[in-house]
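Next come the chains, spelled out residue by residue.
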Amino acid sequence: MHCDSRSRAQSKRWMDLGLTNRLLSARLFCALFVLLAATASASAQPKQPKVLMIGIDGCRFDAILYSQAKLLKKVINEGGHTDKCDVLDNIPTKADTASGAGWATILTGLWADRHNVLGNDFKDSRLHECPSVLHLANKVKPKLECIALVTWPDIQEHICKGHKGCRMVFDGDKKGYKEGDRVMTEVALDVLKTKNPDLLFLYFGHLDSVGHGYGFHPKSPRYTNGIEDIDDHLIRIFKALDARPKRAGEDWLVMFFTDHGGQGRGHGGGRTVPEIRTGFLIVHGEAAVKGKIADKVTNADIVPTALTHLGIAIDPAWRLEGRAVGLKKRDR
Ligand SMILES: [Zn+2]
């Protein structure tokens, strides 16, 4: 009996212990569930879309491939690209293959039939009717931080005119574009470190000066060296991008493009010269479709692509003349 009562007591203790264990397990399970749910909700948080637009004046794609540029070749391999980006429209305009007409289209998404910048003369332009990509982004999302860092005065004075984020950081016309590219890069590094840009446009102007001086050609060593100089700046810019404290929660689309190519020591009158009229577009980042972009691409597609990635629906009232290219479906 004594033994029986002790064994009963013991078995009750085991039962109590079992109950306690089950309760503990249930609590543990609940805690684990809450933790997993929290993690899942954190990872379900959409990343912040951001766009870095890198404009290289007078850059030929075949010369990038012929150069020793490391970063540019890496983004070509990792992202999407086309080496057949038309810098002029198919509708008849009198626009030349010149920087003024080129950057006006790149930054407004409109051809010369709308902005009427035909060369480097902005005298009769209708840019006051053609908001820049910075203006359009802020019109829809006023809180977005849109910044353009430029060294060619005409971009600030005419194309991005009136946008507080468009900053002339150095006068390349007066003091040279080699130093301009260097100073602009330093400012870009500071912006990426200390500010929270959503749309950032960087203008590199030196390569065009090199082309005018020594020839726009893959086999012009000064020209390919000019591309490698820009590549060194880009390596630092990409490091700064990756060092951003909230980088893991940011979805950067980085775009690379040019306003025209070149032949000999010039690029004017290039409507029928493929080496001049053909630019390129590279898109890099999680949102970019890898590989060659099969669609026909023009420089008017740059603005819609940037806006689309930022989650801004293209308003038909803007009558933009291109469309988003090279992006995964989720971004469209
Ligand atoms: Zn140019």
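This text goes with the structure placed above it.
My aim in this report is to walk through the structure given alongside it, one point at a time. Model, not experiment: these values are computed from the prediction.

Focus: the overall build of the chain
Okay, step 1: If you tally the helices and strands in the chain, you get 13 helices and nine strands.
Okay, step 2: Long-range pairs, those at least 24 residues apart, make up 70% of the contacts in the chain with a sequence separation of at least 6.
Okay, step 3: Accessible surface for the chain amounts to roughly 16,400 Å². Of this, 57% is attributable to carbon and sulfur atoms.

So, the nonpolar core
A general tendency of soluble globular proteins is for nonpolar side chains to be buried together.
Okay, step 1: Residues Met-53, Ile-155, Phe-201 and Met-255 are the most contacted members of the largest nonpolar core, which totals 49 residues.
Okay, step 2: With residues near it in sequence (within four places) discarded, Ile-155 still touches Trp-103, Leu-107, Val-150, Cys-160, Lys-161, Cys-166, Phe-201 and Tyr-203.
Okay, step 3: Ranked by size, the runner-up nonpolar core spans 40 residues in total, among them Ile-76, Val-187, Phe-216 and Trp-252.

Description of the packing of helix α9 (residues 177-194) against helix α11 (residues 221-242)
Okay, step 1: Following both chains from N to C, one finds α9 and α11 inclined at 5 degrees, their axes separated by 9 Å at the closest point. One way to sum up the angle between α9 and α11 is to call them roughly parallel. Along the contact surface, α9 presents Lys-178, Asp-181, Arg-182, Thr-185, Glu-186, Leu-189 and Leu-192, while α11 presents Asp-229, Ile-230, His-233, Arg-236, Ile-237, Ala-240 and Leu-241.
Okay, step 2: Taken together, the residues of the contact of α9 with α11 break down into six nonpolar, two polar and six charged.

Thoughts on the packing of helix α10 (residues 206-214) against α11
Okay, step 1: Contact pair α10 / α11: the axes reach a minimum separation of 9 Å and the direction vectors enclose 170 degrees. By the angle between their axes, α10 is roughly antiparallel relative to α11. Contacts between α10 and α11 involve Leu-207, Val-210, Gly-211 and Tyr-214 from the former and Arg-222, Tyr-223, Gly-226, Ile-227 and Ile-230 from the latter.

Here is what the cut-offs are and how they apply
Residues numbered from 1 in each chain as written. Predicted model: local features only at pLDDT ≥ 70, side-chain atom pairs only at ≥ 80, totals over all residues. Heavy atoms only, no water. Helix = DSSP H or I, 4+ residues; strand = E, 2+ residues; numbered from the N terminus. Contact = heavy atoms within 4.5 Å. Areas by Shrake-Rupley, 256 points an atom, 1.4 Å probe, with all protein chains shown as cover. Core = buried A, V, L, I, M, F, W, Y, C linked by side-chain atoms within 4.5 Å. Buried < 20%, exposed > 50% of the residue type's maximum accessible area, 1.4 Å probe, protein only. Axes fitted to C-alpha atoms, helices over the stretch in contact; angles between N-to-C directions. Parallel < 35°, antiparallel > 145°, perpendicular 65-115°, else oblique. Nonpolar A, V, L, I, M, F, W, Y, C, P; charged D, E, K, R; others polar.

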